[in-house]
Amino acid sequence: MTHLEMDSDHVNIRVITAEEVALHVSRAKHMLVASVIASMSIIAVAALFMSLWV
């Protein structure tokens, strides 16, 4: 797999190793889980306030 970085002055192309790909996938999965947990927490807090309001 290759990694391409483009700047206004130059283009940098390098090969990404399998370990780097696995690290990026792992980080993406962690970010997905964190965003799901955060959205569930926001919904839970909103539901709590709505139940107290009524």
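See the structure printed just above.
The rules behind these values
Residues numbered from 1 in each chain as written. Predicted model: local features only at pLDDT ≥ 70, side-chain atom pairs only at ≥ 80, totals over all residues. Heavy atoms only, no water. Helix = DSSP H or I, 4+ residues; strand = E, 2+ residues; numbered from the N terminus. Rg over C-alpha atoms; globule rule 2.2 N^0.38 Å. Buried < 20%, exposed > 50% of the residue type's maximum accessible area, 1.4 Å probe, protein only. Pairing = 2+ DSSP bridges. Salt bridge = Lys/Arg side-chain N within 4 Å of Asp/Glu carboxyl O. Patch = residues over 30% accessible without salt bridge, like charges linked within 9 Å, V, L, I, M, F, W, Y side chains within 5 Å. Areas by Shrake-Rupley, 256 points an atom, 1.4 Å probe, with all protein chains shown as cover.

### As for the overall build of the protein
Along its length, the protein carries one helix and two strands. Along the protein, helices and strands appear, N-terminal first, in the series β-β-α. For 54 residues, the compact-globule estimate of 2.2 N^0.38 gives 10 Å, and the protein exceeds it by more than 25% at 20 Å. Across its three principal directions, the C-alpha atoms of the protein cover 60 × 30 × 10 Å. The 54 residues of the protein split such that 2% are buried.

### Points about the environment of glutamate 19
Counting through the fold element by element, glutamate 19 comes out in helix α1 (residues 18–53). Distance in space between the C-alpha atoms of glutamate 19 and methionine 31 is 18 Å, their sequence separation being 12 residues.

### So, the pairing of strand β1 (residues 2–6)
By the bridge criterion, five bridges tie β1 to strand β2 (residues 11–15) in an arrangement that is antiparallel. Looking across to β2, one finds that histidine 3 is bridged to arginine 14. Where β1 folds back onto β2 in an antiparallel hairpin, the turn is made up of four residues.

### Structural notes on the pattern of salt bridges
For the structure on display, the rule yields one salt bridge. The salt bridge partner of glutamate 20 is arginine 14, with a shortest N-O separation of 3.4 Å. Take glutamate 20: its relative accessible area is 27%, and that puts it in the partly exposed class.

### Some details on the environment of methionine 50
Summarising the element assignment, methionine 50 is placed in helix α1. Distance in space between the C-alpha atoms of methionine 50 and arginine 27 is 34 Å, their sequence separation being 23 residues.

### Some points on a nonpolar patch on the surface
Taken together, the side chains of Leu4, Met6, Val11 and Ile13 present a nonpolar region at the surface, about 450 Å² in accessible area. Those elements that provide at least two residues to the nonpolar patch are β1 and β2. As for its placement among the helices and strands, leucine 4 is situated in strand β1.

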